[in-house]
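# Topology and contacts: notes
Given next are the chains, with one letter for each unit.
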Amino acid sequence: MSSIERLLPHGTGRLHLRRLRASDLADFQSYRQDPQVGLYQGWQAQSDSEALAFLQQMAEAPLLQPGVWCQLGMADAASDRLIGDIGICLATDAASVEIGFSLRASRQGQGLAAEGVGALISLLWAHTPAAEVRAITDARNLGSIRLLERLDFARVDSQDAVFRGEACVEHHYRLLRPAQVAR
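Residues numbered from 1 in each chain as written. Predicted model: local features only at pLDDT ≥ 70, side-chain atom pairs only at ≥ 80, totals over all residues. Heavy atoms only, no water.

## Section: helix 5 (residues 112–127)
An α-helical turn contains 3.6 residues, so a residue and the one three or four places further along point in the same direction. The end-to-end C-alpha separation of helix 5 is 23 Å, in line with the 22 Å expected for 16 residues at 1.5 Å each. Buried residues dominate helix 5, accounting for 12 of its 16 residues. Taken residue by residue, helix 5 has Leu112, Ala113, Ala114, Glu115, Gly116, Val117, Ala119, Leu120, Ile121, Leu123, Leu124 and Trp125 as its buried positions. (Helix = DSSP H or I, 4+ residues; strand = E, 2+ residues; numbered from the N terminus. Expected span 1.5 Å × (residues − 1). Buried < 20%, exposed > 50% of the residue type's maximum accessible area, 1.4 Å probe, protein only.)

Structure follows, in structure tokens:
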């Protein structure tokens, strides 16, 4: 069990980070099947049976296994209802972590994703040796760009890419570990 796993659920005030679970299926599907939420995401909408299998896998999967993506849920603190999730992949050399995030459309624009991602980053600094957190976003995904920049991520590169058969530009962001939390 990773040290982060022992800290879950982790409260932030308005939400908490926790493991995904099978009982999240309806809430998970409500945002994961929303075309606007998935517009720039690397995942595709799934059938209920596929989504249930994914939730069950993420409920049991070891967290922060180098080179393997895992997901944590972002749940409303008052109701414990799932409102989004954060994907996390610790690099095989543990020097960096890549993240991605999804949030129910009705909960966007309220600072909740920034609150959840910020809390996750604090946990990563405290419990991994990673020197940086990385994120990649489509240049058209203005909400994600604003969130990353609000959390002090710096754009370090932009690359032409093809996403779902369409030419696009992807921005690469990086947040360096602050000196005061060096491990």
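## Structural notes on the packing of aromatic side chains
Within this structure, the stated rule accounts for 2 aromatic pairs. Between Phe28 and Tyr31, the ring centres sit 5.8 Å apart and the planes meet at 70°, which makes this aromatic pair edge-to-face. Of the two residues, Phe28 and Tyr31 both sit in helix 2 (residues 25–32), 3 residues apart, roughly one turn of that helix. Exposure class is identical for Phe28 and Tyr31. Each is buried. Through a chain of ring-to-ring contacts, three or more aromatic side chains come together here, namely Phe28, Tyr31 and Phe54. Between Arg32 and the ring centre of Trp43, over which it is positioned, the NZ or CZ distance is 4.2 Å. (Phe/Tyr/Trp six-rings, centres within 6.5 Å; stacked < 30°, edge-to-face > 60°. Lys NZ or Arg CZ within 6 Å of the ring centre and 35° of its normal.)

## Focus: the nonpolar core
Leu17, Ile88, Ile99 and Phe153 are the most contacted members of the largest nonpolar core, which totals 50 residues. Element by element, the count of residues in this core is highest for helix 5, at 10 residues. Apart from the residues lying within four places of it in its own chain, the contact partners of Phe153 are Ile99, Ile121, Val133, Arg134, Ala135, Leu148, Tyr173, Arg174 and Leu175. (Core = buried A, V, L, I, M, F, W, Y, C linked by side-chain atoms within 4.5 Å. Contact = heavy atoms within 4.5 Å.)

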